Amino acid sequence: MPRKTIQPSNKIEYLSILDVDGNVDAALDPKLDPAELHTVFRGMLLARRLDERLLRLQRQGRIGTFGPGMGQEAASLGPAVAMKKNDWFVPSFREGAAMLWRGWPIEKIILWWGGNEFGAATPEGQNDLPICVPVSSQCLHATGIAWGCKYKKDPSVTVCFVGDGGTSEGDFHEALNFACSHTLPAVFVIQNNHWAISLPREMQSKSATLAQKCIAYGCDGIQVDGNDILAMIVASRDALAKARSGGGPTLIEAVTYRLAMHTTADDPKKYRTEEEVACWLPRDPLIRFEKYMRAKHGLDDAGMKQLEEEVAAEIQAAVARAEAYQSDPMDSFHHTFAEMPASLAAQSREFEEYMAELKADAAAAAQPAAERQMAES
Amino acid sequence: MAKLTMVQALNLALREALTDDPDVIVFGQDVGKDEGVFRVTEGLYRDFGAERVVDMPVAESCIAGCAVGLAVRGLRPVAEMQFSGFGYHAFHQIENHISRFRTRTRSRFSMPIVIRMPFAAGIRAIEHHSESREAIYAHLPGLKMVIPSGPRNARALLRSAILDPDPIIFYEPKSVYRAFKEEVPDEPEEMPIGKAHVARVGKDLTLISYGAMMRPTLEAAEQLADEHQIEAEVVDLLTISPMDTETICGSVQKTGRAVIVHEAPRNCGPAAEVAARLAENSIEYLEAPIKRVTGYDVIMPFFANEKYFIPDARRVVKAAKEVLDF
Ligand SMILES: Cc1ncc(C[n+]2csc(CCOP(=O)(O)OP(=O)(O)O)c2C)c(N)n1
Ligand SMILES: [Mg+2]
C-alpha cells in the first residue's frame, strides 16, 4: 500500500505555426487553399476595421459602450473558419471576427452595440447564439446544445467561446464537467487575453495554463498561440474532428492579448503598463497574417489597397443601414410571450397611449417653429 | 460641508467604515487597482491596501459565499456586485445562506454583510445592465433591501447598513451616481434602516417612490403645484424591506390619495406591497383607488428604447390627476 505517483504525465502541448514575422513552420503548415486563406485574411481585416469604426461611432455618440476585440481576431476567427455551417456557434461578447465569418450582417453587430434587440436576433438559418453578456453563462448553453445534438443524432459540433476571466465562474466548471462526463460534441475556446477588465490572468487562477484544466475534466486540452491564425485553425479542426467522431470535448486555450480597452467605459492605464501593451503590438495577429500573405500568397500593395477599399465600403454601407433602422418600441410587448396575457395587453395599450402623447407633444413643439418660419418667409 | 455626487458620497462612507473598523473589508470585481467601474472605491486600495480592498475574480457566488465565511469569522464584509444583473450568480448564497444564517443557527452566527449593487436603467448600458429587481430581494425574509435616492442619504444609509448586524442588499441607482451634487456633512452621519422619509410636504395626495424615480416624482410634484395648484406629499421609501408602514400610512391618512412610482416591473413589485399595506391599514381613509406608475411587465429593452420604459413626470402627473379627479 505505497504512496505512489498515479498520473505521471499530464502533458499540455503548445501550438504555434506562424511566427511574429509571418514565417511558417514547414512541418506544421496546414497548407490551406490559397483562395480560402485570402478570404480568411479579408475576414480578419474586416473585423479589425469594423472595430475601429465602432470605436469612432462610440466616440461620436452614435452607439453605446463598446468592447473591441482588437488583437484577438485570430483566436476568434480560427475556430469559426474550422467550423461547418451547421455547427453551433456560442459566443461571448468579444467574438466580432467569428460572428462576421459566420454570416452575421455587419449592421446587426452595429445595432447590438447601438442598443437594439434586432442585433441579437440571429439571422434565420444560422446556428448561432447572439452576443452573451453574463460572463461564462453561455458555456452551459453550449453544453446543452451539444447534448441536444447528441440526443438527436445531429452530427453538429458546438463551439463555445469564453474569456480567461470567465474560467473563474462556476458555469465554466459545470459546463466542462458535464460535457466531458457525457462525452458531448463540444469545443471550448478560452480567449486568454490576459485581462478580465483590471484583473490580470495570474490573479484569476493559479493554474500555470488554463488549458491544463482539461486534465481534471477528463478531456484533451491544448494551449495555442492565439495570435496565429494558422495554429488556431489547425487546433480547432483537430478538436472539431475529434468531437464529431464521438471523442468528446476539447479545451483550447488561445493565448492572445486585448490590445484596446475592456470597453469604451474603461481606462486600462489605471491597471496595466504601456510597456506591456507595447510588447504585444508586434505580435498583432493581423500584422503577422499580412506579412505571411505578402511573402507566400502574392498579396501586394495594390491587392491590399483594393481589400481596404472593399472592406471600408462594406462597413460604410452597413453603418448607413444600421442608422436607417427604425425599431418599434412596442416590440418589447410582442416578444415577451408567444401569446400576450390580458394584463400585459392592458399595459401595452397604456404604453401606446403614452407614446402617442409624446408624439403629439413633439408635433406641437415643432409647430410654432414651422409657423415662425412661414411668417418670416 | 462638501458638495458631493452619490459616487463620492458612497466613497466617503466606505472610507469612513474602513477607517473606523479594522474588521471592515471591501471586495468585488475591479474595486481595487481599477477603483471600481463607477469609481465608487476611488483611492481606497491606495490608502487601505490590498488586504482590505480586494479584487475578486469573475465569480459572484465566490464573492457572496466568501462573505458568509468572513462574517462567521467576525469580519464585516462590504461586497460589491459589479452590476445587479450579475448578482444572480450569488443568489444561491444570498437566499440559502446569507438571509438565513441567523435563524438557522438561532443567532449563534449573524451576517453583518452589505452587498452593494448598481441597478436600474438610464445610462445607455448594454444588455443585462439596466434591470430593477429589488422585489426579488425584498421578498426574502432575513434580508434587508435599501435604496438611496441622493448623495446625502446614500452616504448615511451605507454607513448604517455597514453597522447593521444583519445582511443588507444595498441597491445603488446608477443613473443618480453623477446626476447631481448635494451638501454632505463633514461628520459621519447615520440614517435608520427601515425608515421612510417625507421629501416634500403636501395635503392633496401622496406620491410614494424611491431611488432614481424620486427625481421624476418630485418633478411631477412641482408641476402639479405650478400648473394645477395641487400640493403633493412625496415619500421616499429608502428601505424597501422592512417597509415603513407607519410613514406611508400616516401620509395617506392625511391626503386620502396615493400614487406609487417605481421603475421595476409592476407585477408583484414594491408598489404592490405599498398598496397592500395601505389597503390593510388605511382603506377607510382612501378617497380614490391607488394608482401605480411603474415599469411594464417586459424585459427592459436595450438602451435605444429604454427611455420610454422608465417612468417620467408626465406619467406621474397623469396618474395623480386621475386619482384626484376620481
Ligand atoms: C457574470 C458577470 N459578472 C461580471 C460581469 C462584468 N464583466 C464584464 S466583462 C468582465 C471581465 C471578463 O473577463 P474575461 O472573461 O477575461 O473576458 P474579456 O473581457 O477579457 O474578453 C466582467 C467582470 C459580467 N458581464 N458578467
Ligand atoms: Mg480576458
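All values reported here derive from a predicted model rather than from experimental measurement. (Residues numbered from 1 in each chain as written. Chains lettered and ligands numbered in written order. Predicted model: local features only at pLDDT ≥ 70, side-chain atom pairs only at ≥ 80, totals over all residues. Heavy atoms only, no water.)

1. Observations concerning the overall build of chain A
Then, number 1: Counting its regular elements, chain A contains 14 helices and eight strands.
Then, number 2: For the C-alpha atoms alone, the extent of chain A along its principal axes is close to 95 × 55 × 45 Å.
Then, number 3: Every one of the 377 residues in chain A was classed for burial, and the buried ones make up 52%.
Then, number 4: Between the mean site of the 39 positive side-chain charges and the mean site of the 51 negative ones, chain A shows a separation of 6 Å. (Helix = DSSP H or I, 4+ residues; strand = E, 2+ residues; numbered from the N terminus. Buried < 20%, exposed > 50% of the residue type's maximum accessible area, 1.4 Å probe, protein only. Lys, Arg positive; Asp, Glu negative; His and termini not counted. Charge placed at Lys NZ, Arg CZ, Asp CG, Glu CD.)

2. Some details on the pairing of strand β2 (residues 24–28) of chain B
All names here are of chain B.
Then, number 1: For β2, the buried fraction is high: five of the five residues fall into the buried class.
Then, number 2: Burial along β2 is two-sided: V24, V26 and G28 facing one way and I25 and F27 facing the other are all buried.
Then, number 3: For β2 and strand β4 (residues 76–80), the ladder comprises five bridges, and the chain directions are parallel. Bridge assignment links V26 to a residue of β4, and that residue is V78.
Then, number 4: Pairing of β2 with strand β3 (residues 53–55) involves three bridges; the strand directions are parallel. (Pairing = 2+ DSSP bridges.)

3. Description of the interface of chain B and chain A
Then, number 1: Each side of the interface is counted separately: chain B has 38 residues, and chain A has 44 residues.
Then, number 2: Carbon and sulfur atoms make up 55% of the area that chain B and chain A hide from each other, which totals about 3,500 Å².
Then, number 3: Together, V58, F302 and R314 of chain B form the three largest contributors to the area buried by chain B at its contact with chain A, with a combined 19%.
Then, number 4: Linking chain B to chain A there are seven salt bridges.
Then, number 5: Notably, a salt bridge pairs R314 of chain B with D361 of chain A, separated by 2.4 Å at the nearest N-O pair.
Then, number 6: The interface formed by chain B and chain A contains 16 residue pairs in polar contact (both at pLDDT 80 or more). (Contact = heavy atoms within 4.5 Å. Buried area = accessible area lost by both parts, 1.4 Å probe. Salt bridge = Lys/Arg side-chain N within 4 Å of Asp/Glu carboxyl O. Polar contact = N/O pair within 3.5 Å; in protein donor to acceptor, adjacent residues only side chain to side chain.)

4. What to know about the packing of aromatic side chains
Then, number 1: Summed over all chains, the structure comprises 24 aromatic pairs over all chains.
Then, number 2: On the basis of an interplanar angle of 50° and a centroid distance of 5.1 Å, the ring pair of W147 of chain A and F178 of chain A is categorised as tilted. With W147 of chain A in helix α5 (residues 137–151) and F178 of chain A in helix α6 (residues 170–181), this residue pair connects regions lying 31 residues apart in the sequence.
Then, number 3: Taking the centre distance of 6.3 Å and the plane angle of 65° together, the rings of F101 of chain B and F109 of chain B count as edge-to-face.
Then, number 4: Exposure remark for F101 of chain B: the relative accessible area of 13% places this residue in the buried category.
Then, number 5: Among the residues examined, F109 of chain B registers a relative accessible area of 24% and is labelled partly exposed.
Then, number 6: Taking NZ or CZ as reference, R283 of chain A lies 4.0 Å from the ring centre of W280 of chain A, over its face. (Phe/Tyr/Trp six-rings, centres within 6.5 Å; stacked < 30°, edge-to-face > 60°. Lys NZ or Arg CZ within 6 Å of the ring centre and 35° of its normal.)

5. Here's the deal with the site of ligand 1
Then, number 1: Around ligand 1 sit 21 residues in total, of which R94, D164, N193 and W195 of chain A together with E60 of chain B are the nearest.
Then, number 2: Two or more chains meet at ligand 1, and those chains are chains A and B.
Then, number 3: Within the side chain of R94 of chain A, one N or O atom sits 2.6 Å away from an oxygen atom of ligand 1.
Then, number 4: Between a nitrogen atom of ligand 1 and a side-chain N or O atom of E60 of chain B, the distance comes to 2.5 Å.
Then, number 5: In isolation ligand 1 offers 570 Å² of accessible surface; the protein chains occlude 96% of this area.
Then, number 6: Partitioning the shell around ligand 1 into residue classes produces nine nonpolar, eight polar and four charged. (Near = heavy atom within 4 Å. Areas by Shrake-Rupley, 256 points an atom, 1.4 Å probe, with all protein chains shown as cover. Nonpolar A, V, L, I, M, F, W, Y, C, P; charged D, E, K, R; others polar.)

6. A look at the sheet that holds β3 of chain B
Residue and element names in this part refer to chain B.
Then, number 1: Spatial ordering of the open sheet is given by β3-β2-β4-β5-β7-β6-β12, a layout of seven strands whose pairing is mixed. The sheet terminates laterally at β3 and β12 (239–241), the two strands that pair on one side only. Within this sheet the neighbouring strands show an average axis-to-axis angle of 20°, counted without direction.
Then, number 2: As paired elements, strand β6 (residues 144–146) and β12 share two bridges and run antiparallel to each other. Bridged to V146 within β12 is T239.
Then, number 3: Packing against the sheet, helix α7 (residues 151–163) makes contact with β2, β4, β5 (114–119), β6 and β7 (168–173), and its axis sits at approximately 165° to β7. (Axes fitted to C-alpha atoms, helices over the stretch in contact; angles between N-to-C directions.)

7. Some thoughts on the coordination of the magnesium ion (ligand 2)
Residues and elements named next belong to chain A.
Then, number 1: Protein coordination of the magnesium ion (ligand 2) is provided by D164 (OD), N193 (OD1) and W195 (O), with donor distances spanning 1.9 to 2.1 Å.
Then, number 2: Counting gaps between the donor residues of the magnesium ion (ligand 2) yields the pattern D-x28-N-x1-W. Remark: W195 occurs in strand β5 (residues 195–196) and D164 occurs in the loop between β3 (158–163) and α6; sequence separation between them is 31 residues. (Donors = N, O, S within 2.8 Å, 3.2 Å for Na, K, Ca; no water.)

8. A few points about the domain arrangement of chain B
Residues and elements named next belong to chain B.
Then, number 1: Each domain of chain B was delimited in the assignment, giving domain 1 (2–184) and domain 2 (197–325).
Then, number 2: Computed from C-alpha coordinates alone, the two centres of domain 1 and domain 2 are separated by 26 Å.
Then, number 3: The partner domain 2 presents 22 residues to the 28 residues of domain 1 that form the contact.
Then, number 4: Overall, the association of domain 1 and domain 2 removes approximately 1,900 Å² of surface from exposure, summing both partners, and the carbon and sulfur fraction of that is 61%.
Then, number 5: The tally of links from domain 1 across to domain 2 stands at eight residue pairs in polar contact (both at pLDDT 80 or more).
Then, number 6: Sorting the residues of the side of domain 1 that touches domain 2 by element identifies α6 (134–138), β6 and α7 as the ones contributing at least two each. (Domains from an automatic or database assignment.)

9. Brief notes about the nonpolar core
Then, number 1: Judged by nonpolar contacts, the single largest core of 146 residues is most densely connected at L54, I110, W113, I229, L230 and F289 of chain A together with L205 of chain B.
Then, number 2: At 11 residues, the largest contribution of residues to this core is made by helix α1 (residues 34–59) of chain A.
Then, number 3: Non-local contacts of L205 of chain B, meaning those with residues more than four positions away in its chain, are made with L224, I230, E231, A232, E233, T255, R257, V259, A320, V323 and L324 of chain B. (Core = buried A, V, L, I, M, F, W, Y, C linked by side-chain atoms within 4.5 Å.)

10. Observations concerning the confidence of the model for chain B
Then, number 1: Per-residue confidence for chain B gives a mean pLDDT of 98; residues scoring 70 or more make up 100%.
Then, number 2: Across the interfaces of the predicted complex, the ipTM metric reaches 0.95, alongside a pTM of 0.97. (pLDDT = per-residue confidence, 0-100.)

11. Some thoughts on the pairing of strand β8 (residues 250–255) of chain A
Residues and elements named next belong to chain A.
Then, number 1: For β8, the buried fraction is high: six of the six residues fall into the buried class.
Then, number 2: Alternating positions in β8 separate into two faces, T250, I252 and A254 on one and L251, E253 and V255 on the other, with burial throughout.
Then, number 3: Relative to β8, strand β4 (residues 186–192) is paired through six bridges, and the arrangement is parallel. Bridging across to β8, N192 finds its partner in V255.
Then, number 4: Summarising the sheet, strand β7 (residues 220–225) and β8 pair through six bridges and their orientation is parallel.

12. Details of the environment of A146 of chain A
Residue and element names in this part refer to chain A.
Then, number 1: For A146, the position within the fold is in helix α5.
Then, number 2: Sequence-wise, A146 and D87 are 59 residues apart; in three dimensions their C-alpha atoms are separated by 9.7 Å.
Then, number 3: In contact with A146, other than residues within four places in its own chain, are T158, L184, P185 and A186.

13. Notes on the sheet that holds strand β14 (residues 291–295) of chain B
Residues and elements named next belong to chain B.
Then, number 1: Taken together, the five strands give an open sheet; going across it, the order is β9-β11-β10-β13-β14, and neighbouring strands pair in mixed fashion. Each end of this open sheet is capped by a strand with a single partner; those strands are β9 (197–200) and β14. Between one strand axis and the next, the sheet turns through 25° on average, direction left out of account.
Then, number 2: For β9 and strand β11 (residues 232–236), the ladder comprises three bridges, and the chain directions are antiparallel. Of the residues in β11, the one forming a bridge with R200 is V234.
Then, number 3: On the sheet, helix α11 (residues 313–324) packs against β10 (205–209), β13 (258–265) and β14 and is oriented at approximately 165° with respect to β14.

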